[in-house]
Amino acid sequence: MTTPAITARGLTKRFRGQGGEIVTAVDGIDLTIGSGEIVAFLGPNGAGKTTTVDMFLGLTSPTSGTIEVYGATPHRAVVDGRISAVTQTGGLLPDFTVRETIRAIATLHGRPERVDVVVERAGLGPIANRLVKACSGGEQQRLKFALALVPDPNLVILDEPTTGMDVSVRQEFWDTMRADAAGGRTIVFATHYLAEADAFADRTVLMARGRIVADGPTAEVRAAYGGQTVTFRPPADVLTVHGVDEEWLDDVRTAVAPLGITDLEVASASLEAAFLALTGPELTGATTSACEGQR
């Protein structure tokens, strides 16, 4: 599929605040997301990412600018089953079983043949007959994911998708996401787990103050804005019960190479470091791209 999943141009959203003032939640962003990408959508509270996602889903209309999902309006894309979303809260009937919930939504979509497919895809087989109210938070998140897959959408937008999941289930979830993306499905997810974005997103979009402040391959965002660290293991003969011999450390400051250092590793700083650098209070608001070709 060559049509971009999402195309936004000059996307702006303003609200009237409680005191009557005009608040700009999203400030003229340009964004293109291609088919099959896994994109982490990050930003501190108040950055505008939730409002932006709402516009992607047609839940709110932009004040100005344009937004298209596979070349159509977001509303049209939702009606056609081309876009689905997984939210953190609400939307589940507690007295239905997991399978009954999926069957009900599949019937509404006219896709009853999808029930068994999505039960398996979301790893819900062992709990298919369990009441929703008896499911853990992580299990309910997996059920919401299954419901999002019912119409077999081209684009899935996930809001904190792995909240409540344990480590092994989280890993299985992202393995599924990678397989779906390899098949052409586009995944856009908002998360507070920066390590998760670092591990699973091909691309990271960072928002602050209503603007996109970084957009590019996740590794490039880390490298461009997070700095670098150097980690090494000192020779055994300079180790003491108190740590590394101070005299040796003085020598390291003068000359590293001749000291027999092993396991030298140079690595980019964490995505968290880039996040803090780009969204901190000193930020002027100028839009920056780690990879202009991705915009």
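Residues numbered from 1 in each chain as written. Predicted model: local features only at pLDDT ≥ 70, side-chain atom pairs only at ≥ 80, totals over all residues. Heavy atoms only, no water.

An unreviewed UniProt entry annotates the chain as ABC transporter ATP-binding protein originating from Nocardioides mesophilus.

*Asks:* Sorry, what's going on with the overall build of the chain here?
*Replies:* Counting its secondary structure elements, the chain contains 10 helices and 13 strands. Relative to all contacts within the chain whose residues are 6 or more apart in sequence, the contacts with residues 24 or more apart total 72%. (Helix = DSSP H or I, 4+ residues; strand = E, 2+ residues; numbered from the N terminus. Contact = heavy atoms within 4.5 Å.)

*Asks:* Any chance you could explain helix α3 (residues 98–109) here in plain terms?
*Replies:* Think of an α-helix as 3.6 residues a turn; residues three or four steps apart then line up on the same face. Between its first and last C-alpha, α3 extends 17 Å over 12 residues, near the 16 Å set by a 1.5 Å rise per residue. Among all positions in α3, only Val98, Thr101, Ile102 and Ala106 are buried. Looking straight down α3, one finds its buried side chains confined to an arc of 130°; they lie on one side. The outward face of α3, more than 90 degrees from its buried face, is lined by the exposed residues Thr107 and Leu108. In this fold, the buried residues of α3 make contact with α4 (115–121) and α5 (137–149). (Expected span 1.5 Å × (residues − 1). Buried < 20%, exposed > 50% of the residue type's maximum accessible area, 1.4 Å probe, protein only. Arc of directions from axis to C-beta.)

*Asks:* Explanation requested: the confidence of the model for the chain in the structure shown.
*Replies:* The predicted model of the chain averages 82 in pLDDT, with 76% of residues at 70 or higher. The weakest mean pLDDT in the chain belongs to strand β13 (residues 262–268) at 51; the strongest belongs to strand β4 (residues 64–69) at 97. (pLDDT = per-residue confidence, 0-100.)

*Asks:* So what exactly am I meant to see when it comes to the packing of aromatic side chains here?
*Replies:* Each aromatic ring pair is specified by the distance between its two centres and by the angle formed by the two planes. Per the stated rule, a full pass over the model turns up five aromatic pairs. Residues Phe145 and Phe173 carry aromatic rings whose centres are separated by 5.0 Å and whose planes lie at 65° to one another, so their mutual orientation is edge-to-face. Taken together, the residues span a long stretch of sequence, with Phe145 in helix α5 and Phe173 in helix α6 (residues 167–182) at a distance of 28 residues. Aromatic pair Trp174 and Phe189: ring centres 4.5 Å apart, planes at 55°, arrangement tilted. Taken together, the positions of Trp174 in helix α6 and Phe189 in strand β7 (residues 186–190) put the pair 15 residues apart, joining distant regions of the chain. As far as the burial class goes, Trp174 and Phe189 line up, both buried. Taken together, the ring pairs in this structure connect Phe145, Phe173, Trp174, Phe189 and Phe200 into an aromatic cluster. Between Arg82 and the ring centre of Tyr70, over which it is positioned, the NZ or CZ distance is 4.5 Å. (Phe/Tyr/Trp six-rings, centres within 6.5 Å; stacked < 30°, edge-to-face > 60°. Lys NZ or Arg CZ within 6 Å of the ring centre and 35° of its normal.)

*Asks:* Even after reading the chapter, I still don't get the nonpolar core, so can you show me in this structure?
*Replies:* Note on soluble globular proteins: their nonpolar side chains tend to be buried together. Judged by nonpolar contacts, the single largest core of 42 residues is most densely connected at Ile102, Leu124, Leu143, Phe145, Leu158 and Phe189. For this core, the element with the highest residue contribution is α5, accounting for six residues. Leaving out residues up to four positions away in the same chain, Ile102 has contacts with Val115, Val118, Val119, Leu124, Leu143, Ala146, Leu147 and Val150. Counting residues in hydrophobic clusters, the runner-up holds 27 residues, among them Ala25, Val26, Ile29 and Phe41. (Core = buried A, V, L, I, M, F, W, Y, C linked by side-chain atoms within 4.5 Å.)

*Asks:* Would you take a moment to explain α5 for this structure?
*Replies:* The terminal C-alpha atoms of α5, which comprises 13 residues, lie 19 Å apart, in line with the 18 Å expected from a rise of 1.5 Å per residue. Check the buried side of α5 and you find it contacts β5 (83–86), α3, α4, β6 (155–159) and α6.

*Asks:* Looking at this structure, how should I read the sheet that holds β4?
*Replies:* Neighbouring strands of a sheet are bound in pairs by backbone hydrogen bonds; such pairs are parallel or else antiparallel. Pairing is antiparallel in the open sheet, where three strands are placed in the order β2-β1-β4. Whereas interior strands pair on both sides, the edge strands pair on one side only; in this sheet they are β2 (22–33) and β4. Neighbour-to-neighbour, the strand axes of this sheet turn through a mean angle of 25°, independent of strand direction. Bridge analysis of strand β1 (residues 6–16) against β2 gives nine bridges, and the strand direction is antiparallel. Across the sheet, Thr12 pairs through a bridge with Asp27, a residue of β2. (Pairing = 2+ DSSP bridges. Axes fitted to C-alpha atoms, helices over the stretch in contact; angles between N-to-C directions.)

*Asks:* Could you clarify how one ought to interpret the pairing of β1 in this entry?
*Replies:* Side chains on a regular strand alternate between the two faces of the sheet. Bridging between β1 and β4 involves five bridges; their strand directions are antiparallel. Considered in β4, the bridge of Thr7 is made with Glu68. Between the end of β1 and the start of β2, which pair antiparallel, lie five residues, with Gly20 showing a positive phi angle near 90°.

*Asks:* Looking at this model, I keep getting lost on the side chain of Thr176. Mind explaining?
*Replies:* As for its position among the elements, Thr176 is in helix α6. Overall, the relative accessible area of 15% leaves Thr176 in the buried class. Leave out the neighbours within four places in its chain, and Thr176 touches Arg121 and Phe145.

*Asks:* Quick question: what am I supposed to make of the sheet that holds β7 here?
*Replies:* The strand order across the open sheet formed by six strands is β5-β6-β7-β3-β8-β9, and the pairing between neighbours is mixed. Each edge of the sheet is formed by a strand with only one pairing partner; in this case those strands are β5 and β9 (211–217). Each strand axis lies, on average, 15° off the axis of its neighbour in the sheet, ignoring direction. With four bridges joining them, β5 and β6 adopt parallel strand pairing. Bridge pairing in β6 places Ala85 opposite Ile157. On the sheet, helix α1 (residues 49–56) packs against β3 (38–42), β5, β6 and β8 (203–208) and is oriented at approximately 135° with respect to β3.

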